[in-house]
Amino acid sequence: MRTRWMLLIFVAVPVVILDQVSKAWLSTVFLRVNRPISLLFDWVQLVYHENTGVAFGLFPDQGGVLSVGAGFILLVLALTYQYLLPAESRWVTVATGLVFGGGLSNLFDRLRQGYVVDFIQFGWWPMFNLADSAITLGVAVLVFHIIFIGNEPSVIEPEPVDDGLLNELLSRAPESSPPTEPSQRNSELPS
């Protein structure tokens, strides 16, 4: 169990660090450039955006308490799932670490700045950041695990071992005499 929690931390901490560093670095780049940076023509771009709403920019300027509350709920659910995890699946622990790290990083931004910096524009999809990507990937792995794998046995049950006890019991002769035939019993009864 301790190894599972260590794996969760080893996944979540790099997600938080990478997301926070990328947001800080891109914020300074965009302060100098002040225009989108094309990565793959105009289909994939780096664009600075302060998301004051909830996920994917929904409900702009309404995200304060709602998104902080949702962030806390997300973190509690991730930790609860990790704690109640029925099996020792490393993939589920890694996925939970991705969700936990991404949620924690975005929650830091909401509490510290009041908004989350989004910077990846991918075609028509709403802008997002590395934390959003980690959350999405982690949830996809968890959904895949729940639907297609389900509960794995936590320990492998040993194969039954034939110790000969059953054969010994079956080969023993009965201790009493065998029952008599019904016709013999009737002839022995007094009339």
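A.B. asks: Where do I start with the overall build of the protein chain in this structure?
C.D. replies: Counting secondary structure elements, the protein chain contains six helices and four strands. The linear arrangement of helices and strands in the protein chain, starting from the amino end, is α-β-β-α-α-β-β-α-α-α. For the protein chain, the residues scored as buried account for 34% of the 191 residues in total. Pairs at least 24 apart in sequence give 67% of the contacts found in the protein chain among residues at least 6 apart.

A.B. asks: Would you mind going over helix H3 (residues 90-113) with me for this structure?
C.D. replies: Because the α-helix completes a turn every 3.6 residues, residues three or four places apart line up on one side. Helix length check: H3 (24 residues) gives 34 Å between terminal C-alpha atoms against 34 Å at 1.5 Å per residue, within 8%. Just past H3, the residue Gly 114 takes up positive phi, approximately 85 degrees.

A.B. asks: Explain the pairing of strand S4 (residues 125-128) here, please?
C.D. replies: If a strand is regular, its side chains alternate between the two faces of the sheet. Where strand S3 (residues 116-122) and S4 come together, two bridges link them in antiparallel fashion. What sits directly across from Ile 120, in S4, is Phe 128.

A.B. asks: Is there a simple way to think about the nonpolar core in this case?
C.D. replies: Side chains of nonpolar character tend, in soluble globular proteins, to be buried together. Counting eight residues, the largest nonpolar core is built from Leu 26, Phe 30, Leu 46, Tyr 115, Val 117, Phe 119, Ile 120 and Phe 128. At the level of secondary structure, the elements contributing two or more residues to this core comprise helix H1 (2-33) and S3. Looking at this core, the element that brings in the most residues is S3, giving three residues. Setting aside residues up to four positions removed in sequence, Val 117 forms contacts with Lys 23, Ser 27, Tyr 48, His 49, Asp 109 and Asn 129. Judged by nonpolar contacts, the second largest core, of five residues, contains Ala 12, Leu 75, Phe 100 and Leu 107.

Quick notes on the rules
- Residues numbered from 1 in each chain as written.
- Predicted model: local features only at pLDDT ≥ 70, side-chain atom pairs only at ≥ 80, totals over all residues.
- Heavy atoms only, no water.
- Helix = DSSP H or I, 4+ residues; strand = E, 2+ residues; numbered from the N terminus.
- Buried < 20%, exposed > 50% of the residue type's maximum accessible area, 1.4 Å probe, protein only.
- Contact = heavy atoms within 4.5 Å.
- Expected span 1.5 Å × (residues − 1).
- Pairing = 2+ DSSP bridges.
- Core = buried A, V, L, I, M, F, W, Y, C linked by side-chain atoms within 4.5 Å.

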